[in-house]
Amino acid sequence: MNMESIANSGVQTLSPYQPGKPVTDIQREFGLEHVVKLASNENPLGPGNKAKAAITGFADDLARYPDPNGFALKQALCDAFDLHHNMLTLGNGSNDVLVLLAQAFLRPGTNSIFSQYAFEVYAIATQIAGAQAKVVPALGPDSSMPLGHDLQGMLDRVDTNTQIVFIANPNNPTGTWIGAKELQSFLDQLPQNVICVLDEAYVEYEGFDDTPDAMNWVKQYPNLVVTRTFSKAHGLAGLRVGFAVAQPQITDLLNRVRQPFNVNAIGQSAAIAALSDDAHLKASRDLNRAGMQGIADIVQGHGMSVVPSAANFIMVDCGRPAQPIFHALLKQGVIVRPVANYGLPNHLRITIGTQEENAFFAQAWEKVMQMNLAAS
Ligand SMILES: *Cc1c(COP(=O)(O)O)cnc(C)c1O
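The rules behind these values
In every chain, residue numbers begin from 1 and rise along the written sequence. Thresholds applied to this predicted model are a pLDDT of at least 70 for local features of residues and 80 or more for the giving and counting of side-chain atom pairs; totals over whole chains, interfaces and linings are not thresholded and use all residues. The basis for every side-chain value is the complete set of heavy atoms in the structure, and neither hydrogens nor water enter the calculation. Working definition: helices are DSSP H or I runs of at least four residues, strands are E runs of at least two. Numbering for both runs from the N terminus. Working definition: with a 1.4 Å probe on protein chains only, accessible area under 20% of the residue-type maximum means buried, over 50% means exposed, and in between means partly exposed. When checking whether two residues touch, look at their non-hydrogen atoms; a contact exists if any pair is within 4.5 Å. Accessible surface is estimated by sampling points in the Shrake-Rupley manner with a 1.4 Å probe; for residues, cover comes only from the protein chains shown. In this tally Asp and Glu are treated as negative and Lys and Arg as positive; neither His nor the chain ends contributes. Lys charges are placed at NZ, Arg charges at CZ, Asp charges at CG and Glu charges at CD. Strand pairing requires that DSSP identify at least two bridges connecting the strands. All axes are obtained by fitting lines to C-alpha atoms, using only the stretch in contact for helices, and the reported angles, taken between N-to-C directions, cover 0 to 180 degrees.

A.B. asks: Go over the overall build of the protein chain, please, and point to the residues and values.
C.D. replies: Counting its secondary structure elements, the protein chain contains 14 helices and 13 strands. By principal-axis analysis of the C-alpha atoms, the protein chain measures approximately 60 × 55 × 50 Å. When burial is assessed residue by residue, the protein chain has 51% of its 376 residues classed as buried. Across the protein chain, the fraction of contacts at a sequence separation of at least 24, relative to all contacts at a separation of at least 6, is 74%. Per element, the accessible surface of the protein chain, about 16800 Å² overall, is 51% carbon and sulfur. Between the mean site of the 25 positive side-chain charges and the mean site of the 34 negative ones, the protein chain shows a separation of 4 Å.

Next up, the structure:
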């Protein structure tokens, strides 16, 4: 009996998401004590003190199910962003809400549209639903945003079977972004029966001017869904909390699909605390800005260039296959992220770390650049 033959057709050909390598794997594999992970766009400062305080003392409460409606977290989000409860869907990370969107709106015979080099989860969520992925070529080297989303090209691909257009702003793994004017013009032209999912996982880094006020735009556009996460700038990736903002009609549909207890109790409390911790957000942003320039300076030269980034990572074009460089860095105790699975075999994505982590990376990078990798 071949079990794959009875699986859903999309699942049969699915390749799972490739996560960054965990520190413990590399310590074991190479017998290293000190390993720096700059591979998953986590906040190098960790959670803020307010979030840490909120999660202590939880052990005694864990026999209870979490609040299935996340009332307190939704209230905190409403207060922070001027929203209403009926516009919010909470998720086990924003990955969860991306999959909920696909489950609610995609099915065989329909399609979703996203850019070449866009976040891998859009392709996976589309495929699980058995829908077709229409991948639009990224902007070329002569455009103002090489490797970025071609919004006009995406509009041109919309057909009668298109249900969702996924846009990441800024995008992972490229770090590219879209300004408010351009995005608004796109939304004005998108048919109202096609949903625009705007993934703002890195928007808190305020890495570019002319940032769209997209959560507010939701009130104008019944087909706009904005997704956010506590995993990146808020430093809570381990707790898995994200959310979607949309008008009540879409929100109601997403909440029908959602598991009743999809966001755990500790995560809900930590997220509420994180929302009020402006100082931690600012420290995270400042550290990122300073580190970004430093990393860019280090990796440029040796015939390599960087892709300008508005997020907490930077992609370097090694000008040659990146895999040997990735491996040599691992042996030095530095984990970065190869992006060959995105069709970028010459690029590496490097998350900005603490000053100490960046310095450790810089040392390892210089060492690796001295090696004759082709011969080793
Ligand atoms: C990291 C990331 C997410 C989601 O992360 P969660 O931890 O599931 O919230 C979503 N979109 C992009 C573009 C990301 O890079």
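A.B. asks: Run through the sheet that holds strand E13 (residues 344-351), naming residues and quoting values.
C.D. replies: With antiparallel pairing, four strands are arranged side by side in an open sheet as E9-E10-E13-E12. Of all the strands in the sheet, the pair left with one neighbour each is strand E9 (305-307) and strand E12 (337-339). Ignoring which end each strand starts from, the neighbouring axes of this sheet average 35° apart. Inspection of the sheet shows E9 paired to strand E10 (residues 313-317) by three bridges, in the antiparallel sense. Within E10, the position partnered with Ser305 by the bridge is Asp317.

A.B. asks: Tell me about the environment of Pro321, residues and numbers included.
C.D. replies: Residue placement: Pro321 occurs in the loop between E10 and helix H13 (323-331). What makes Pro321 exposed here is its relative accessible area of 55%. Along the chain, Pro321 and Leu344 lie 23 residues apart, while their C-alpha atoms are 9.2 Å from each other. Apart from the residues within four sequence positions on either side, Pro321 is in contact with Pro345 and Asn346.

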